[in-house]
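# Coordinate analysis (summary)
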Amino acid sequence: MGFMNKVIVTGGTGYIGSHTVVQLMNAGIEVVVLDNLSNSNQGVIARIEKLTGKHLEFIEGDIRDRVLLRRVFERYSLNAVMHFAGLKAVGESEQEPLKYFDNNVSGTIVLLEEMMRAKINTFIFSSSATVYGNPDTVCYSETTPLSPINVYGRTKLMVEDILRDLKKANPQLRIALLRYFNPVGAHISGEIGENPFGVPNNLMPFISQVAVGVREKLLIYGGDYPTPDGTGLRDYIHVDDLAAGHLAALNALSDSHSFITVNLGTGRPYSVLEMVAAFEKASGKKIPYEIVGRRPGDLPEYYADASLAKKLLGWETKLGIDRMCSDTWNWQKNNPTGY
Ligand code: NAD
Ligand code: WQD
């Protein structure tokens, strides 16, 4: 990984951050995690240490805390920032927009200011396919117009815009905007995985909580979409493939590629009913479900054109729907109540 040997990971106790931290540490990179634990559990740290056999430096704190950030950047000589910290619940973002603009946009500005002050030049941002909104295609490439349809999505687009402008003003910066599709799955060991607080918003953790008996049945939002089986189609990506995409991006941020914008997806969508069937096969459990009305704001279908990531990062996904389901199940059955 060249000279990028010391990385701060904001949101590193969260779902995607924790899987990326394991891969960074296994690649010999020193990691400092900063997280306010607003949507994660400190128990993940011990699991990461067990998986990697190494100590992980953890700071409980908020990206909006400028004094803390300054101290952290002074104390550790870091050379890159991976920025996962943020709020991600679409429905909540509509109810509490200021909370989302504050955490996701203002928080990122504070982080960027302190990063610039500390003369750190490399920044990797967790963006989302949600920045595309509702374009007139279902296969999103990086040049598809950006027009998010909810507050959460607008916070991601605002940060992308900030980063594009920041790069123009500071050519020495190396920035990657990684637009994730639908992350699912867990580490193969079953030690770390997705651990939502409260009722899961997303399909996969809901299915796995039904399988383990925490919830009675899955509600499928819409059976009358113009798709082959009437349920929504999404591009689910295994979290360990996604984590690997971050290491590939870190590696690719060189003089010739100093501003990278890429989709991280598989390019192959699955329907809700296909996910249910695959999970039943992987777990040996029946997933009771009921088809109910559509969820407001949901689209029938979308998936990534994943070709640019392959070209620029030399990265492509390796893990299919079977591993997405079996790894999720392994994590869920070993940790029925989370960490
Ligand atoms: P997560 O909630 O599991 O992880 C985010 C972490 O950030 C949590 O541990 C939370 O405690 C922390 N955090 C939140 N606000 C903070 C703040 N102000 N200061 C410090 N820490 C803070 O979510 P995740 O699924 O791992 O997502 C990581 C990133 O990827 C987020 O930015 C999210 O928007 C983005 N993303 C997620 C998905 C997805 O479906 N999971 C898809 C696209 C993009
Ligand atoms: C997937 C499919 C639902 C739950 C969201 C965000 C997006 C990104 C990823 C962060 C859809 C159906 C779901 C349930 C269901 N996050 N479903 N019953 O909505 O594609 O994307 O997470 O950036 O921005 O919007 O993901 O997992 O919620 O839904 O039938 O209980 O499963 O209708 O077709 P989504 P999801």
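In this text, all values refer to a predicted model and were calculated from it rather than measured experimentally. (Residues numbered from 1 in each chain as written. Chains lettered and ligands numbered in written order. Predicted model: local features only at pLDDT ≥ 70, side-chain atom pairs only at ≥ 80, totals over all residues. Heavy atoms only, no water.)

## Regarding empty space enclosed by the protein
The final tally for this structure, using the stated rule, is one cavity of 30 Å³ or more. Taken together, Tyr15, Gly185, Gly193, Glu194, Met204, Pro205, Ser208, Thr328, Trp331 and Gln332 form the lining of the largest cavity. Counting residues per element, the ones that place at least two in the lining of the largest cavity are α7 (203–211) and α11 (321–334). Residue composition of the lining of the largest cavity, grouped by class: four nonpolar, five polar and one charged. (1 Å grid on protein atoms, 1.4 Å probe; cavity = no way out; pocket = protein on both sides within 12 Å on 5 of 7 lines; lining within 4 Å. Points joined across faces, edges and corners; volume = space filled by probe spheres on them. Helix = DSSP H or I, 4+ residues; strand = E, 2+ residues; numbered from the N terminus. Nonpolar A, V, L, I, M, F, W, Y, C, P; charged D, E, K, R; others polar.)

## Observations regarding the sheet that holds strand β4 (residues 80–83)
Pairing within the open sheet is parallel, and its seven strands lie in the order β3-β2-β1-β4-β5-β7-β12. Two strands in the sheet have a free side with no partner beyond their single neighbour: β3 (57–60) and β12 (259–264). Geometrically, the sheet is characterised by an average inter-axis angle of 15 degrees between neighbouring strands, direction not taken into account. Of the pairings in the sheet, the one linking strand β2 (residues 30–35) to β3 comprises four bridges and is parallel in character. The residue of β3 that forms the bridge with valine 33 is phenylalanine 58. Its contacts with the sheet put helix α8 (residues 239–252) on β1 (6–10), β4, β5 (122–128), β7 (174–180) and β12, and the angle it makes with β7 is roughly 160 degrees. (Pairing = 2+ DSSP bridges. Axes fitted to C-alpha atoms, helices over the stretch in contact; angles between N-to-C directions. Contact = heavy atoms within 4.5 Å.)

## With respect to the nonpolar core
Judged by nonpolar contacts, the single largest core of 41 residues is most densely connected at Val9, Leu24, Leu250, Leu264 and Leu313. The dominant element in this core, judged by the number of residues it contributes, is α8, at seven residues. Setting aside chain neighbours within four positions, we find valine 9 in contact with Val21, Leu24, Val31, Val32, Val33, Leu34, Met82 and Phe84. Membership of the second largest hydrophobic core comes to 27 residues, among which are Ile8, Leu78, Met115 and Leu163. (Core = buried A, V, L, I, M, F, W, Y, C linked by side-chain atoms within 4.5 Å. Buried < 20%, exposed > 50% of the residue type's maximum accessible area, 1.4 Å probe, protein only.)

## Comments concerning the site of ligand 1
Of all residues adjacent to ligand 1, which total 28 residues, the nearest are Asp35, Asn39, Ser40, Asn103 and Tyr152. The side chain of aspartate 35 places a nitrogen or oxygen atom 2.6 Å from an oxygen atom of ligand 1. Here an oxygen atom of ligand 1 and a backbone polar atom of phenylalanine 84 are 2.9 Å apart. Here ligand 1 loses 96% of its free accessible area of 810 Å² to cover by the protein chains. (Near = heavy atom within 4 Å. Polar contact = N/O pair within 3.5 Å; in protein donor to acceptor, adjacent residues only side chain to side chain. Areas by Shrake-Rupley, 256 points an atom, 1.4 Å probe, with all protein chains shown as cover.)

## Observations regarding the site of ligand 2
With respect to spatial proximity, 19 residues lie near ligand 2, and among them Ser128, Tyr152, Leu219, Arg234 and Asp298 are the closest. Take asparagine 201: an N or O atom from its main chain is 3.4 Å from an oxygen atom of ligand 2. A distance of 3.1 Å separates an oxygen atom of ligand 2 from a polar atom in the side chain of asparagine 202. Protein chains shield 90% of the accessible area of ligand 2, which is 690 Å² for the free molecule.

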